[in-house]
Amino acid sequence: MRDILVMIEDEEIKTLCKEHTLLSDDDIEKIIEVSRTMQLHADLSKANVFIDCAHAKENHAVVVAEASPRTAPSIYEKRVVGNMAYQTFEPAVIYCLKTGNTMTSNRAITQEQKKVEQSVVPIRNGQESVIGVLIMEKDISDRENVQQELEALSRTTEKLSGLLLGDEENYPLVPDLMEEALFFLGKEGEITYSNPAAVNLLHELTGEHCEYGARLTGYLPEIESIVNADEELLVKELETKGKIFKAKKIRLPHQQKYNGMFLILRDLTDLREKEKELVIQSVAIQEIHHRVKNNLQTVASLLRLQMRRGIPEESKVHFVESLNRILSIASVYEVILSNSSIDEVDIYDLSKRIGDMLVYTSGHKVNISYDGESMTVESGQAVSVALIINELVQNCLNYAFEGRNHGKISISFEQNGHEREVVVQDNGIGYKETDKPSLGLEIVRRMAEHDLSGSFTIKGDQEGTRARLSFPGERGET
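The shown structure was predicted, so the numbers you read here are calculated from the model rather than taken from an experiment.

Trainee: Please provide a residue-by-residue account of the pattern of salt bridges, values included.
Mentor: The full count for this structure, using the stated rule, is 15 salt bridges. For the salt bridge of Asp43 with Arg70, the shortest nitrogen-to-oxygen distance reads 2.8 Å. Taken together, the residues Asp43 in helix α3 (residues 38–45) and Arg70 in the loop between β2 (61–67) and β3 (84–85) connect sequence positions 27 residues apart. The closest approach of N and O atoms between Asp267 and Lys243, which form a salt bridge, is 3.6 Å.

Trainee: So what's going on with the side chain of His203? Which residues, and what values?
Mentor: Positionally, His203 belongs in helix α8 (residues 196–206). In terms of polar contacts, His203 uses its side chain to reach the side chain of Tyr95, at 3.4 Å. Filtering out sequence-adjacent residues up to four positions away, His203 remains in contact with Tyr95, Asn101, Thr102, Met103, Glu208 and His209.

Trainee: Which residues make up helix α14 (residues 379–400), and what values go with them?
Mentor: Its 22 residues place the ends of α14 30 Å apart at the C-alpha level, agreeing with the 32 Å of an ideal helix rising 1.5 Å per residue. With 19 of its 22 residues buried, α14 lies for the most part within the structure.

Trainee: Describe the environment of Glu334, and please don't skip the residues or the numbers.
Mentor: The residue Glu334 is located in helix α12 (residues 313–338) in this model. Along the primary structure Glu334 and Val292 are separated by 42 residues, whereas in three dimensions their C-alpha atoms are 10.0 Å apart. Look past the residues within four positions of Glu334 in its chain and what remains in contact with it is Lys293, Gln297 and Arg353.

Trainee: So what's going on with the state of the cysteines? Residues and values would help.
Mentor: Working definition: the covalent bond between the sulfur atoms of two cysteines is a disulfide. Evaluation of the coordinates by the stated rule reveals 0 disulfides. The structure places no disulfide on Cys17, whose sulfur is separated from the nearest cysteine sulfur, that of Cys53, by 4.5 Å. In this structure Cys17 comes out as buried when scored by relative accessible area, which is 0%.

Trainee: Requested: an account of unusual backbone geometry, with residues and values cited.
Mentor: If you check the backbone angles, Glu128 has positive phi at about 65° while not being a glycine. Relative to the helices and strands, Glu128 resides in the loop between β5 (115–124) and β6 (130–139). A relative accessible area of 53% places Glu128 in the exposed class. Its identity is not glycine, yet Lys241 carries a phi of approximately 55°, on the positive side. Within the secondary structure, Lys241 sits in the loop between β9 (233–240) and β10 (243–254). Given a relative accessible area of 45%, Lys241 falls into the partly exposed group.

Trainee: Please give an account of the environment of Thr192 that cites residues and values.
Mentor: With respect to the helices and strands, the residue Thr192 is situated in strand β8 (residues 191–194). When the C-alpha atoms of Thr192 and Leu216 are compared, they prove to be 10.0 Å apart, with 24 residues separating the residues in sequence.

What counts, and where the lines are drawn
Residues numbered from 1 in each chain as written. Predicted model: local features only at pLDDT ≥ 70, side-chain atom pairs only at ≥ 80, totals over all residues. Heavy atoms only, no water. Salt bridge = Lys/Arg side-chain N within 4 Å of Asp/Glu carboxyl O. Helix = DSSP H or I, 4+ residues; strand = E, 2+ residues; numbered from the N terminus. Polar contact = N/O pair within 3.5 Å; in protein donor to acceptor, adjacent residues only side chain to side chain. Contact = heavy atoms within 4.5 Å. Expected span 1.5 Å × (residues − 1). Buried < 20%, exposed > 50% of the residue type's maximum accessible area, 1.4 Å probe, protein only. Disulfide = S-S within 2.5 Å.

This is how it looks when you write it as structure tokens:
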């Protein structure tokens, strides 16, 4: 009968490991080998014993084996094999799996809300890689040393316990679940309380265990200036042991004296690294934009040089149109480089740059004006908008004022929810449906419909020509 139970337990471990972990067959056999000694450990220590292995995809562990003591009451009412061990509740388990460091006499909270003393040791394979952890848990809810610790904590935090954390019986639960490291220091800077995150942090940084009564500055000399500062409330960023922390100090006044302080340390190392990566990426993108702009301006210079060296008169208009299109695209990158965003373009500013450039180089006495609100689009859309504005303004300059040496062009911008609208109006001779379609208008229509997923209309009357571009903003934009 015993052999049958062992076979069932072994098969259960294999199934769980293959379903939830990345362990090899040899590693799983090692886990099974260790599991066969668990019951002996549980009986001798009068404690619950478990084996947890790292989950393949999530930042937590899975319980693959357990043994309840036959010499004492079990901590758990239900079987927990197959359950997940989350970092919030059992940080020592995740820490040991990641680092291979042994954690002894660490406090944790079970999923049944019982406080336990937890010791965690790594299980290694033949290559000394950590493949799991062996955990021993004892119920310490009623132990005298824990009660003394709670009483000491209650005395030193009498003024804040009710205000911050409710009734004293439930006081430890909140700091124990905090991800930040929380210390309570006495008047001389000695440690009188530390939550599990603080205990793990000190062990990770210094390799030492947190001892009550010891000065925190003895472990972390870099925080001495924060601990000794006169401010009642101080928030400061500091670097120690190769990590970056935000330190918050709260001094506790009591009867016109200070009886200690809270010190909270939050690890910002990953956040600062990501910020550095974003800065590097931003610089790289800005450099790309700068090079694209320079390359476009180089092409424009080559076209100008070719025009100065002489081209057939019938080709001149095509060179000018191509030159303006290139400069319009270059204007997109000029706008990007002139503001703080790495990929957003204000199309009001963009259209003003293009319109002013076209009117100035045309030699016509045309007044161009702009009206409406600023609207930003991402660079991909901006290139299409730039070419459309170029074609519409150029169309006005080429055809609207035939037989006249002056005129007016207005460009207006409006945004209704997700829909953006740009209208180019002139007071020229007016567009006629019978006019031969131009390449410029064909470019506008294709870009409006295909590149911007929008629409384009153009109508003429006695007051001139009105061209309207409508397109949606980016997906998910509000």
